[in-house]
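# Structure at a glance
Next come the chains, spelled out residue by residue.
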Amino acid sequence: MIEKPGKDWIDVDLTWAAAEYQKFVEAALRLKGLPAVEKRDLLDGRTVYFMFFNQSLRTRSSFHTGLAKMGGHAVHLDPGPGIYLPALPGQEIPYATERVSDVARVLSEFGEAIAIRMYGEPSGWVYGSANEFINEFGRHAGIPVINMECDRFHPCQALADVMTMKERVGDLKRRKLTISWAYSGSWHKPVAVPQSLLLAAAKMGMDITVAHPPGFDLDPAVVAAARGFAADSDSSIRITNDFADGATDADFVYAKSWCSLEHLPTNRSEAVDEEGMTKLFEQARDWCVDDRTMALARESAGYLHCLPADRDQEVTPSVIDGPQSLIYQQAGNRMHGQNAIMTMLMNPAGLA
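Residues numbered from 1 in each chain as written. Predicted model: local features only at pLDDT ≥ 70, side-chain atom pairs only at ≥ 80, totals over all residues. Heavy atoms only, no water.

## Thoughts on the overall build of the protein
Along the protein, the regular secondary structure elements total 13 helices and 11 strands. Against the globule reference of 20 Å for 352 residues, the protein gives a C-alpha radius of gyration of 20 Å, in line with a compact fold. For the C-alpha atoms alone, the extent of the protein along its principal axes is close to 55 × 50 × 35 Å. Going through the 352 residues of the protein one by one, you find that 58% of them count as buried. Of the roughly 14,300 Å² of accessible surface on the protein, a fraction of 51% belongs to carbon and sulfur atoms. Of the side chains in the protein, 34 bear a positive and 46 a negative charge, and the two mean positions are spaced by 5 Å. (Helix = DSSP H or I, 4+ residues; strand = E, 2+ residues; numbered from the N terminus. Rg over C-alpha atoms; globule rule 2.2 N^0.38 Å. Buried < 20%, exposed > 50% of the residue type's maximum accessible area, 1.4 Å probe, protein only. Areas by Shrake-Rupley, 256 points an atom, 1.4 Å probe, with all protein chains shown as cover. Lys, Arg positive; Asp, Glu negative; His and termini not counted. Charge placed at Lys NZ, Arg CZ, Asp CG, Glu CD.)

Structure (structure tokens):
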């Protein structure tokens, strides 16, 4: 393991104390409010290496655009035909892969940060394996490593979510957040977004309801950690299998689909139980946010979604395009939050 001067942004939702996390939230809001001229040199001369093992619109464009606006340089490393595929020990193929430890150390000689997105098919849908892959980079890189979403966490999205809610209501203490499962015609969605949001919101002192049909439980270790943060902040977490109950009296309704952990394989030699997964999904087709759902929430409630949203499945157009929807402000905050992450990791003095 290499001792590095900066931090990693990998499992921050799980491992960082509330006070440390809240500093990044405040830095992100402060940076967003600065004039462009005061931000354009914050990352002057810094290079970030990006590896996307999955599709990306918001994450790719927001990171690259934000980095350019602050004077930095993005290098996109295509895992596949573009570079030798980084691999963990035991998963290597001669002349097709290169050990993660070697890739991390080499890139550390050139640039200032490494950013990685991996979940699902590239990691064989084995829960936790993509997270382990990114953490292996963190163990061997001499520069900060940023998790752009794995199979456990999406800390960049959670930061934007918290920013958006704070901009809406100010102090989040004891505000009511509903994190709900919603139906989709595709099960290929990790639990990263709800798990990171649960942890981040607990650190902000929100009263959280997690609503999902039976069979869609989040990682018990993550839920336990979130309960610990909630206890420290004198807030609460409750779990319900009733969709309407989940939305009732909420200040924010954040509803999206995620896969069932119990139907994922435990190793790469196994396959996803697609039949069992699909059956669970089809039994809950009515878990869709519509006007009746939002009417159960508070009159001033905001609707959130990380996007892309499956319209007429997860949510109706009347809600996602309606006056309570915060999705575009939320998407815009991806860039501002990530600008703060990159600056705090590579040039913390710039936000001092």
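## Re unusual backbone geometry
Backbone torsion omega between Leu307 and Pro308 reads 0°, so that peptide bond is classified as cis. For Asp312, which is not glycine, the phi torsion reads 65° and is therefore positive. For Asp312, the location among the structural elements is in the loop between strand 11 (302-304) and helix 12 (317-320).

## Things to note about the pattern of salt bridges
Overall, the coordinates contain 18 salt bridges when judged by the stated rule. The shortest N-O distance in the salt bridge between Arg175 and Asp251 comes to 3.7 Å. Here Arg175 is found in the loop between helix 6 (155-169) and strand 7 (176-181), whereas its partner Asp251 is found in the loop between helix 9 (243-247) and strand 10 (252-256), with 76 residues between them in sequence. A relative accessible area of 27% places Arg175 in the partly exposed class. We note a salt bridge from Asp249 to Lys176, for which the minimum N-O separation is 2.9 Å. In this pair, Asp249 sits in the loop between helix 9 and strand 10 while Lys176 sits in strand 7, placing the two residues 73 residues apart along the sequence. If you follow the salt bridges from partner to partner, you end up with Arg175, Lys176, Asp249, Asp251 and Arg298 in one network. (Salt bridge = Lys/Arg side-chain N within 4 Å of Asp/Glu carboxyl O.)

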